[in-house]
Amino acid sequence: DAGVIQSPRHEVTEMGQEVTLRCKPISGHNSLFWYRQTMMRGLELLIYFNNNVPIDDSGMPEDRFSAKMPNASFSTLKIQPSEPRDSAVYFCASSFGRGGEAFFGQGTRLTVV
Amino acid sequence: GDSVTQMEGPVTLSEEAFLTINCTYTATGYPSLFWYVQYPGEGLQLLLKATKADDKGSNKGFEATYRKETTSFHLEKGSVQVSDSAVYFCALSRDTGTASKLTFGTGTRLQVTL
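Below, the structure is looked at part by part.

A look at the overall build of chain B
Part 1: A count of helical and extended segments in chain B gives zero helices and twelve strands.
Part 2: For chain B, the sequential pattern of α-helices and β-strands runs β-β-β-β-β-β-β-β-β-β-β-β.
Part 3: For 114 residues, the compact-globule estimate of 2.2 N^0.38 gives 13 Å, and chain B sits close to it at 14 Å.
Part 4: In terms of its C-alpha atoms, chain B occupies a principal-axis envelope of roughly 45 × 30 × 20 Å.
Part 5: Within chain B, the proportion of its 114 residues that are buried is 46%.
Part 6: Taking the intrachain contacts of chain B between residues at least 6 apart in sequence as the baseline, contacts between residues at least 24 apart amount to 55%.

Quick word on the state of the cysteines
Residues and elements named next belong to chain A.
Part 1: Counting across every chain of the model gives two disulfides over all chains.
Part 2: Residue pairing for C23: its cysteine sulfur links by disulfide to C92, the two sulfurs lying 1.9 Å apart. Across the disulfide from C23 to C92, rotation about the S-S bond amounts to roughly -70 degrees, and the bridge is consequently left-handed. Taken as a pair, C23 in strand β3 (residues 19-24) and C92 in strand β9 (residues 88-95) lie far apart in primary sequence, 69 residues in all.
Part 3: C23 gets classed as buried once you look at its relative accessible area, which sits at 1%.

With respect to the pattern of salt bridges
Part 1: Scanning the entire structure with this criterion turns up 13 salt bridges over all chains.
Part 2: Where E44 of chain A meets R41 of chain A, a salt bridge forms, and the shortest distance between an N and an O atom there is 2.8 Å.
Part 3: Across the pair K52 of chain B and D55 of chain B runs a salt bridge, and its minimum N-O distance is 3.3 Å.
Part 4: Taken together, the shared-partner salt bridges in this structure form one network comprising E62, R64, E83, R85 and D86 of chain A.

Topic: the sheet that holds strand β9 (residues 75-77) of chain B
All names here are of chain B.
Part 1: Taken together, the four strands give an open sheet; going across it, the order is β3-β9-β8-β7, and neighbouring strands pair in antiparallel fashion. The outermost strands of the open sheet, each flanked by one partner alone, are β3 (19-21) and β7 (56-59). Taking each pair of neighbouring strands and ignoring which way they run, the sheet shows an average axis angle of 15 degrees.
Part 2: Strand direction decides the pairing type here: strand β8 (residues 62-65) and β9, joined by three bridges, are antiparallel. For A64, the partnering residue across the bridge sits in β9 and is L75.

Quick notes on the packing of aromatic side chains
Part 1: Taken as a whole and assessed by the stated rule, the structure comprises twelve aromatic pairs over all chains.
Part 2: Ring plane angle 25 degrees and centroid distance 6.2 Å describe the contact between F33 of chain A and Y35 of chain A, whose orientation is recorded as stacked. Residues F33 of chain A and Y35 of chain A agree in their burial class; the two are buried.
Part 3: When the ring of F89 of chain B is compared with that of F104 of chain B, the centres are 6.3 Å apart and the planes differ by 90 degrees; the resulting orientation is edge-to-face. Within this pair, whereas F89 of chain B is found in strand β10 (residues 86-96), its partner F104 of chain B is found in strand β11 (residues 99-104), the two being separated by 15 residues in sequence.
Part 4: You can call F104 of chain B buried: its relative accessible area is 9%.
Part 5: Joined through ring pairs, the aromatic side chains of F33, Y35, Y48, F91 and F104 of chain A together with F34, Y36, F89 and F104 of chain B make up one cluster.

Some points on the interface of chain A and chain B
Part 1: Taken together, the 22 residues of chain A in the interface contact 20 residues of chain B.
Part 2: For the pair chain A and chain B, the summed buried surface comes to about 1,800 Å²; carbon and sulfur atoms form 50% of the total.
Part 3: If you look at where chain A meets chain B, you find one salt bridge.
Part 4: For D56 of chain A, the salt bridge goes to K101 of chain B, with nearest N and O atoms at 2.8 Å.
Part 5: At the boundary of chain A and chain B, one finds four residue pairs in polar contact (both at pLDDT 80 or more).
Part 6: Taken together, the elements giving at least two residues each to the side of chain A that touches chain B come down to β4 (31-38) and β5 (42-50) of chain A.
Part 7: Within the side of chain A that touches chain B, the residues separate by chemical class into eight nonpolar, ten polar and four charged.

What counts as what
Residues numbered from 1 in each chain as written. Chains lettered and ligands numbered in written order. Predicted model: local features only at pLDDT ≥ 70, side-chain atom pairs only at ≥ 80, totals over all residues. Heavy atoms only, no water. Helix = DSSP H or I, 4+ residues; strand = E, 2+ residues; numbered from the N terminus. Rg over C-alpha atoms; globule rule 2.2 N^0.38 Å. Buried < 20%, exposed > 50% of the residue type's maximum accessible area, 1.4 Å probe, protein only. Contact = heavy atoms within 4.5 Å. Disulfide = S-S within 2.5 Å. Salt bridge = Lys/Arg side-chain N within 4 Å of Asp/Glu carboxyl O. Pairing = 2+ DSSP bridges. Axes fitted to C-alpha atoms, helices over the stretch in contact; angles between N-to-C directions. Phe/Tyr/Trp six-rings, centres within 6.5 Å; stacked < 30°, edge-to-face > 60°. Buried area = accessible area lost by both parts, 1.4 Å probe. Polar contact = N/O pair within 3.5 Å; in protein donor to acceptor, adjacent residues only side chain to side chain. Nonpolar A, V, L, I, M, F, W, Y, C, P; charged D, E, K, R; others polar.

Right, dumping it as structure tokens:
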């Protein structure tokens, strides 16, 4: 398996634009996580899904952020409108079952100017 | 809620020195505990894990023991190498129905010099 695949690897956008980050989890995994990493706040859990259903979105910073998982092999994280303070590395991770190891993608580095 | 507290970094050591990175946690129930490592420009990778009290996880010379009485999971290595330079994250996983929620500490940067 190729592992968790995220796209794009890098994104530079202007303030106010819509940004969509994409994630393909490992085949067979039933949980998917979106994290944001910054120097100031470290690694924050934004939202996680189990069997394509959002379980906990309490980490989503505000209404500008939304996440979907239309099927078991694809998820998106959308920011609309984007702001400079959204600049960060966004990671997607997937796992299987309870207590399972989470496998991380290589991340998307987002810069909002 | 669940939380993980790690020692502040950066930690700077000479090659072959002994490493300890402290980690304590707060959680309900009986979480599993993990150490992840992040090399520059990459995502996090699992380093080791322990699923119940008194378990010892080990990998690549790193070890950590699940201590329920002190709610700790300290990472140790007897002799570090330059290639161990990375950011280390302590994490806990608590089951929620059919899934598990991972909560991470803030990470500790390790720098190993010759």
